[in-house]
Amino acid sequence: MAEQLELDEHRAFQEKYWTVQRWAWVGYGLIIVAALLGLSGEGGLFARAQIQVAGNEINYPRFARWQTEDTISIAFAPAGQADRRILISPEFGRSIAIEGAQPQPSKSLATAAGEELIVHVPPGERAKARIRIKPDTPGIVRGTVSIDGAPAAVTLIILP
């Protein structure tokens, strides 16, 4: 004759625990899917955005990480002038540090309108510039990036 163990079973508690556990699995799965889509600040389909402004293309991170370096890339449309002006609005200056640019700007000015970078580009050629940025504070940053006076609204979500 088999002996039975005398255990107190709390079936109602166990079923509630299983329900919470299943919801946690769903939540963790959603977090993984969001990260794979790029909503965590690195790689993925939605991690970066592109804007066209006056034939120029601005590629920037939609989601950036706090105190982690990232880039804003600009592909200039061919133009007759050699010096191209990039103006980054003061809203970005309050939350994002500009770490550097490639190619090296021939002139960099801090004005009331924002940080202005003047990049020398061979006339008539389609050239690229990369601006290295480092977010200082988490949050949502809205500002403008202007190329040769043509502004483009840019929004970055800075994750902790």
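Here, the structure is the one placed above.
Given the structure is predicted, the values throughout are model-derived calculations rather than measurements. (Residues numbered from 1 in each chain as written. Predicted model: local features only at pLDDT ≥ 70, side-chain atom pairs only at ≥ 80, totals over all residues. Heavy atoms only, no water.)

Caption draft 1: Broad picture of the sheet that holds strand β8 (residues 114–120). Taken in spatial order, the 6 strands line up as β3-β11-β10-β5-β8-β7 in an open sheet, and their pairing is mixed. Two strands in the sheet have a free side with no partner beyond their single neighbour: β3 (63–65) and β7 (107–111). With direction set aside, neighbouring strand axes in the sheet form an average angle of 30°. With 6 bridges joining them, strand β5 (residues 83–88) and β8 adopt antiparallel strand pairing. Its bridge partner lying in β8, leucine 87 is registered against glutamate 116. (Pairing = 2+ DSSP bridges. Helix = DSSP H or I, 4+ residues; strand = E, 2+ residues; numbered from the N terminus. Axes fitted to C-alpha atoms, helices over the stretch in contact; angles between N-to-C directions.)

Caption draft 2: The arrangement of the sheet that holds strand β6 (residues 96–102) in detail. Strand order across the open sheet formed by 5 strands is β1-β2-β4-β9-β6, with antiparallel pairing between neighbours. Of all strands in the sheet, those bounded by a partner on one side alone are β1 (48–53) and β6. The average undirected angle you get between the axes of adjacent strands in this sheet is 20°. Here β6 pairs with strand β9 (residues 128–135) via 6 bridges, running antiparallel. Of the residues in β9, the one forming a bridge with isoleucine 96 is proline 135.

Caption draft 3: Fine view of the packing of aromatic side chains. One pass over the structure, following the stated rule, counts 1 aromatic pair. Their ring planes at 20° and their centres at 6.5 Å tell us that phenylalanine 13 and tyrosine 17 sit as a pair that is stacked. With phenylalanine 13 and tyrosine 17 both in helix α1 (residues 11–37) and 4 residues apart, the pair spans about one turn of that helix. You can call phenylalanine 13 exposed: its relative accessible area is 56%. A relative accessible area of 46% means that tyrosine 17 is categorised as partly exposed. (Phe/Tyr/Trp six-rings, centres within 6.5 Å; stacked < 30°, edge-to-face > 60°. Buried < 20%, exposed > 50% of the residue type's maximum accessible area, 1.4 Å probe, protein only.)

Caption draft 4: How the structure looks around the side chain of serine 95. Relative to the assigned elements, serine 95 resides in helix α2 (residues 90–95). Once residues lying within four places of it in the same chain are set aside, the contact partners of serine 95 are Lys134, Pro135, Asp136, Thr137, Val141 and Ile158. (Contact = heavy atoms within 4.5 Å.)

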